[in-house]
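# Report on the structure
Each chain is listed here by its residues.
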Amino acid sequence: MMEILHVTAECYPYAKAGGLADVAGALPKYQNDLGHIAKVVMPMHRTKFLLENEWDTVHKGSFVMGQYYFDYTIIKERTNKLGFDLYCVDIFGIFNREKIYGYDDDSERYTAFQIAVVDWVSRWQHHPDVVHVHDHHTGLIPFMMQHCFAYRHLATIPTVLTIHNAQYQGWMGWDKYNYLPAYDSFQWGKLDWDDTINPLASGIKCAMRVTTVSPSYMEELKFNANGLESLFEYEKGKCVGILNGIDNAVWDPATDTYILDNFSVKDVEAGKKLNKKKLCDDFGLDIEKPLFIFIGRLVGEKAAELLPQAINDSVYHINGRMNFLILGSGDPVVEYHLENMRSSLMGFYNSQIGYNEKLAHQMYAGADFLLMPSRVEPCGLNQMYALRYGTMPVVRSTGGLKDTVTDFGDPGGFGIRFNDATVGDITYSIYRATELYGDKKKMTALRKKMMQIDNGWEVSAGRYIQLYEAIL
Ligand code: ADP
């Protein structure tokens, strides 16, 4: 039995901006099911979950960051509601804000969070067996545990860094060198990448093992890692890709309380039809036509700016034989186009700009196809949710999409894949999907097949345990 401490900026359902939250909210639960003790510590974001639950204060401490003095408090959720011990760090002035990220002082905020976590752990009566950190917001922790004078007694605890997204690295100018607790200055190179303090690079250098959330993404990072390519090549010996799972208990069309009609493999056609009817009624779409959806952040990584043109071209050139529904937020220019198109493509297209968990579930349940033309997709969860709800993913062959979706044209395949993030490739794939939709028998068979694929966390949770065992 091992004790694992996960350190993360997000955790579903407490605070979520993307896939990181889904992983941090599920992986520890499944590790506990395997007989281990997994705990999570995260910032005390001011969300509904914080207000709706009861908390105990478990520790109070203080630290100095640069010229600032901070008190911090660690609270713990009282009822073990999420299936693991959940701890939050509060630092006044740092986390009493509306959003998880997006402030000018984010690097200072997350440096303070990391110092508080390390300081707290350094005061535990015992040590966790593994400290597992996630993304750049927690990337400085392995360095702090090994090279900050006050915390060197933590240096023997194995650390694992999981990279959910290598595009963001938490860069901080060297003028902030004194934000970290006093450290062995001979080790400065372990903080540096390209004359900048780079928390993600530091995590890769200092953690004992580095994982990414799919094997293909690990390979791609050696050629495309926002400047860290040579570091991934150099450190490849300790890097491994472990595919994310999905939480089958939360994402189950048979029990999902967000959707109108529950269904399973047996009654997939009837079940999806009722859910589709509600969606089409709500958004003014035609239930007879194949419904394509997109759910996600409207950013370049997801190739979201190609959607308006691809939708327009499809409606005009494939004679309006399909409908589209988009849910997402992000780049204001893309948001503007997606909102504006509603009037010109009325009856063929609709969108909701914003974040809406309930609608996302309803869309997976009611749609026929899910579009994911991503330029970069470390793992991608949407395509796995879609599979479970019998919605065929239409994906670009990259990262985790490549590892989880095969093309229906290939032996054993059940989805649609294309190679380039271009309007042409997307519209051609929409055309292929529309043709396939006409063949009801084949469509039903493929739906049943994809719903039976098990992408649950059990297997991946076990792989992480094996990884810890190897370094213990
Ligand atoms: P990323 O972490 O890069 O954003 P993932 O596919 O790994 O992408 O995870 C995205 C998660 O966020 C999924 O659970 C998806 O359903 C959810 N999501 C993204 N945007 C929205 C939105 N606007 N409304 C509801 N859920 C969303």
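Residues numbered from 1 in each chain as written. Predicted model: local features only at pLDDT ≥ 70, side-chain atom pairs only at ≥ 80, totals over all residues. Heavy atoms only, no water.

### Some remarks on the site of the ligand
Around the ligand there are 20 residues in total, and Lys 16, Gly 19, Arg 297, Lys 302 and Gly 354 lie nearest to it. Lys 16 places a polar side-chain atom, nitrogen or oxygen, 2.9 Å from an oxygen atom of the ligand. One of the side-chain nitrogen or oxygen atoms of Lys 302 is found 2.8 Å away from an oxygen atom of the ligand. Considering the ligand on its own, with 560 Å² of exposed area, one finds that the protein chains cover 93% of that surface. Listing elements by their share of the shell around the ligand, those giving two or more residues are α1 (19-33), β12 (291-298), β13 (323-330), α11 (357-366) and α12 (382-388). Split into classes, the residues belonging to the shell around the ligand amount to seven nonpolar, eight polar and five charged. (Near = heavy atom within 4 Å. Polar contact = N/O pair within 3.5 Å; in protein donor to acceptor, adjacent residues only side chain to side chain. Areas by Shrake-Rupley, 256 points an atom, 1.4 Å probe, with all protein chains shown as cover. Helix = DSSP H or I, 4+ residues; strand = E, 2+ residues; numbered from the N terminus. Nonpolar A, V, L, I, M, F, W, Y, C, P; charged D, E, K, R; others polar.)

### Quick word on the sheet that holds strand β4 (residues 68-77)
Within a sheet, each strand pairs with its neighbour through backbone hydrogen bonds, oriented either parallel or antiparallel. On the basis of which strands lie adjacent, the open sheet formed by nine strands has the order β3-β4-β5-β2-β1-β6-β7-β10-β11 and mixed pairing. Two strands close off the open sheet at either side, each with one partner strand: β3 (55-65) and β11 (239-241). The mean angle between the axes of side-by-side strands here comes to 20 degrees, regardless of whether they run parallel or antiparallel. Taken together, the four bridges between strand β7 (residues 159-163) and strand β10 (residues 209-212) define a ladder with parallel strand orientation. In the sheet register, Thr 162 faces β10, and the bridge partner there is Thr 211. Contacting β1 (3-7), β6 (130-134), β7, β10 and β11, helix α16 (residues 457-471) runs over the sheet at an angle of about 145 degrees to β7. (Pairing = 2+ DSSP bridges. Axes fitted to C-alpha atoms, helices over the stretch in contact; angles between N-to-C directions. Contact = heavy atoms within 4.5 Å.)

### Digging into the pattern of salt bridges
In total, this model carries 28 salt bridges according to the counting rule given. Arg 97 is the partner of Asp 105 in a salt bridge, and the nearest nitrogen-oxygen pair spans 2.8 Å. Where Lys 236 meets Glu 233, a salt bridge forms, and the shortest distance between an N and an O atom there is 2.7 Å. Residue classification places Lys 236 among the partly exposed positions, given a relative accessible area of 44%. One continuous salt-bridge network, built from bridges that share partners, spans Glu 269, Lys 276, Asp 368 and Arg 447. (Salt bridge = Lys/Arg side-chain N within 4 Å of Asp/Glu carboxyl O. Buried < 20%, exposed > 50% of the residue type's maximum accessible area, 1.4 Å probe, protein only.)

### Some remarks on helix α10 (residues 332-344)
Owing to its 3.6 residues per turn, the α-helix aligns residues three or four sequence positions apart on the same side. An ideal rise of 1.5 Å per residue puts 18 Å on 13 residues; α10 measures up with 19 Å between its terminal C-alpha atoms. At its buried positions, α10 is contacted by β12, α9 (307-317), β13 and β14 (349-353). Taking the backbone nitrogen of Val 333 as reference, a side-chain oxygen 2.9 Å away marks Asp 331 as the first, capping residue of α10. (Expected span 1.5 Å × (residues − 1).)

### Let's talk about the domain arrangement of the protein
Accessible area lost during the coming together of the parts is what is often quoted as the interface size. Here the protein is partitioned into domain 1 (3-245 + 457-471) and domain 2 (265-451). A separation of 33 Å is found between the C-alpha centroids of domain 1 and domain 2. Each partner contributes to the interface: domain 1 provides 18 residues, whereas domain 2 provides 16 residues. Counting the surface lost from both domain 1 and domain 2, the interface buries some 1,400 Å², and carbon and sulfur atoms represent 53% of this. Three residues, Ser 216, Glu 220 and Leu 243, lead the burial of domain 1 against domain 2; their summed loss comes to 26% of the area buried on that side. Counting across the interface, domain 1 meets domain 2 through one salt bridge. Between domain 1 and domain 2 we count eight residue pairs in polar contact (both at pLDDT 80 or more) in total. Contributing elements (two or more residues each) for the side of domain 1 that touches domain 2: α1 and α6 (215-221). (Domains from an automatic or database assignment. Buried area = accessible area lost by both parts, 1.4 Å probe.)

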